[in-house]
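One-letter residues, chain by chain:
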Amino acid sequence: MRVKRQKRHRKVVRFYSACFGFREPYKVLCDGTFIHHLLVHGLTPADDSLSHLLGARVLLFTTRCIVSELKSLGESHIEAVEAANQLLMARCDHEKRVSAETCLHSIIGESNSEHFFLATEDCEIRKKFQEAPNPLSCKRKKQNENTTVINNQDTEAGGVRKKKRSRRRKRDHKETTQ
Ligand SMILES: [Zn+2]
């Protein structure tokens, strides 16, 4: 089962590499819920877990807004703050902290030009990013429409792809560690 899933994940990664220019090392943008999840489930070192899942080297990112949101959650999230501080910081221009969702959106935007995979445990954030036009939703349409949308948008909607993948990743992590 695990091998099957792993094959599926890697196939998806290959697809995004070929069609949308995602390149190794893959950049994974983690929000606070995901960092917390990794720690709670002992999925560390996180880059190893994610590398294994995606079948390639990864770089883990977060943002200053996400770190300060974690800080604001107090004692229970101290470990998550420390872990988040060890990740690379994706640059956001928010002088005052904004919500994780707003911050992620500002980084990924409509085109996801930086080719981030988004890793979150937050259903609302996933839903929100999935509302945007994206190849995954296009898959349900007829083939012809898909290809045009994908070609036109090129690297767009990576955020959504990322989310889907990250869900899978998470499941995988659980399986591999338990
Ligand atoms: Zn920010």
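Look up a bit, the structure's there.
We now turn to the structure provided with this report. (Residues numbered from 1 in each chain as written. Predicted model: local features only at pLDDT ≥ 70, side-chain atom pairs only at ≥ 80, totals over all residues.)

## Things to note about the overall build of the protein
Here is the rule we go by: For helices the rule is a DSSP run of H or I covering at least 4 residues; for strands it is a run of E covering at least 2, with both sets numbered from the N terminus onward. Each residue is classed by its C-beta neighbour count within 10 Å, where at least 20 other C-beta atoms makes it buried, 12 or fewer makes it exposed, and intermediate counts make it partly exposed; the C-beta atoms are placed from backbone geometry. By the criterion used throughout, residues are in contact when their C-beta atoms, derived from the backbone, lie within 7 Å.
Looking only at helices and strands, one finds ten helices and four strands in the protein. The order of helices and strands in the protein, counted from the N terminus, is α-β-α-α-β-α-α-β-α-β-α-α-α-α. Scored against the burial criterion, the 178 residues of the protein give a buried share of 38%. Taking the intrachain contacts of the protein between residues at least 6 apart in sequence as the baseline, contacts between residues at least 24 apart amount to 79%.

## A look at the pairing of strand S2 (residues 58-62)
Put simply, the test is: We treat two strands as partners when DSSP finds at least two bridges between them.
Burial analysis of S2 places four of its five residues in the buried class, the great majority of the element. Here strand S1 (residues 26-30) runs beside S2; their pairing, made up of four bridges, is parallel. Counted as the bridge partner of Tyr-26 is Val-58 from S2.

## Looking at the sheet that holds S1
The strand order S3-S2-S1-S4 describes an open sheet built from four strands, whose pairing is parallel. Of all strands in the sheet, those with a lone pairing partner are strand S3 (88-89) and strand S4 (116-119), marking the two edges. Pairing of S2 with S3, which is carried by two bridges, proceeds in the parallel orientation. When the sheet's bridge partners are listed, Phe-61 is paired in S3 with Leu-88.

## Concerning the packing of helix H4 (residues 64-72) against helix H5 (residues 78-85)
Any two packed helices are characterised by the angle at which their axes cross and by the distance between the axes. Going by this rule: Between N-to-C directions, angles cover 0 to 180 degrees, with each direction set by a line fitted to C-alpha atoms, over the stretch in contact for helices. Roughly parallel refers to an angle under 35 degrees, roughly antiparallel to one over 145, roughly perpendicular to one between 65 and 115, and oblique to any angle outside these ranges. Handedness of a crossing follows from how the near helix is turned relative to the far one, being left-handed for an anticlockwise turn of less than a right angle and right-handed for a clockwise one. Residue type decides the class: Asp, Glu, Lys and Arg count as charged, Ala, Val, Leu, Ile, Met, Phe, Trp, Tyr, Cys and Pro as nonpolar, and the leftover types, Gly among them, as polar.
It is the contact of H4 with H5, at a shortest axis distance of 8 Å, that shows an interaxial angle of 165 degrees. Here H4 lies roughly antiparallel to H5, going by the angle between them. In the packing of H4 onto H5, the handedness of the crossing is left-handed. Residue-level inspection shows Ile-66, Val-67, Leu-70 and Lys-71 of H4 in contact with H5, the latter providing Ala-80, Val-81, Ala-84 and Asn-85. The class makeup of the residues in the contact of H4 with H5 is six nonpolar, one polar and one charged.

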